[in-house]
Amino acid sequence: MKQKETLLTTPLKEEKIELSHLIIEEMGDEHKASSVDTPLRSDAFDKKDDEKIAAIEPHFRAIMEILGMDLRDDSLRGTPLRVAKMYVKELFQGLNPANMPSMTLFENKFQYNEMLVEKNINFYTNCEHHFVPFFGKAHVAYISSGKVIGLSKLNRLVEYFSKRPQVQERLTMQIGKALQTVLQTQDVAVMMDAKHLCVSSRGVKDDSSNTITSFFGGKYQDEKTKLEFLKYIEMND
Ligand SMILES: [Zn+2]
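Each chain has its residues counted from 1, running along the sequence as written. Where local features are concerned, this predicted model is filtered to residues with pLDDT of at least 70; where side-chain atom pairs are given and counted, the filter is 80 or more; whole-chain, interface and lining totals use all residues. No hydrogens and no water enter the side-chain calculation; it runs on all heavy atoms of the structure.

Caption draft 1: Up close: the packing of aromatic side chains. Stacked, edge-to-face and tilted labels apply to pairs of Phe, Tyr and Trp rings (six-membered ring for Trp) whose centres lie within 6.5 Å, assigned for plane angles under 30 degrees, over 60, and everything in between, in that order. For the structure shown, the criterion picks out eight aromatic pairs. Between Y124 and F135, the aromatic rings sit 5.7 Å apart at their centres with planes inclined by 20°, giving stacked as the arrangement. With Y124 in strand β2 (residues 115-127) and F135 in strand β3 (residues 133-143), this residue pair connects regions lying 11 residues apart in the sequence. The class for Y124 is exposed, based on a relative accessible area of 60%. On the basis of relative accessible area, F135 is assigned to the partly exposed category, the value being 28%. Taking 6.2 Å as the distance between ring centres and 80° as the angle between the ring planes, the aromatic pair formed by F216 and F229 counts as edge-to-face. Highlighted residues: F216 in strand β7 (residues 211-216) and F229 in helix α9 (residues 223-234), separated in sequence by 13 residues. Grouping residues by exposure puts F216 and F229 together as buried. One residue, K226, lies across the ring of F216, its end atom 4.6 Å from the ring centre. Numbering goes from the N terminus for both helices and strands, where a helix is a DSSP run of H or I of at least four residues and a strand is a run of E of at least two. When a residue's accessible area, from a 1.4 Å probe over protein chains only, is under 20% of the maximum for its type it is buried; when over 50% it is exposed; and in between it is partly exposed. To sit over a ring, a charge needs its Lys NZ or Arg CZ within 6 Å of the ring centre and within 35 degrees of the ring normal.

And the structure:
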């Protein structure tokens, strides 16, 4: 609980930059950006990706050497560079707002006014406390305010925010808030159901527990709408 309060009151400087990326195509300046920010330094993107890879590589090499591994071995030699590339170009690519997917909106010409649910979106992300994966399914929904979005964009947005060191609560809220901004409506719901390797493969070694987080905006705070969303998620494919 304490942690959630802290997250909610964190200054939102960087997120505003990100959200400004989100709203280029359709949104005016009047929309207030608000979200739960990933803690980033102001110089986070001064280095180019290649410079970051070159800088991380010797540090990861040092960790392996301190652990006693012989980096002259064929199998290990390439690992520090491989990990550095993977961090910058894959796993943590979503730290940089420049990598935010473009979000094109369409007019809701067919006047579909019910909720749209995109469920069972696979996501993989990494716990920022242990740097090991957590992964599972995301379910997102919205009720159109007159604009609609390409379905694959919902998946891409989940993927973008997943490519950061994360905590599941923040990830859920970042997706929800970003969707509210893009879709110009408060009526957005997100639920994430994940397994955390930092819980299952180490520490308490509980491999049967799942972590569920949710975000209910606007009409989704009404019991009836919320239950409808939850019912769709429970439906078998
Ligand atoms: Zn963890």
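Caption draft 2: Just the pattern of salt bridges, in detail. Throughout this description, the term salt bridge denotes a Lys or Arg side-chain nitrogen within 4 Å of a carboxyl oxygen of Asp or Glu. Per the counting criterion, the structure on display carries 10 salt bridges. Its salt-bridge partner being D74, residue R77 comes within 3.3 Å of it at the nearest N-O pair. Remark: D74 and R77 occur in helix α4 (residues 74-77); sequence separation between them is three residues, near one turn of the helix. Since its relative accessible area comes to 46%, R77 is described here as partly exposed. On the basis of relative accessible area, D74 is assigned to the exposed category, the value being 65%. What you see here is one network of salt bridges that share partners, running through R156, E159 and K163.

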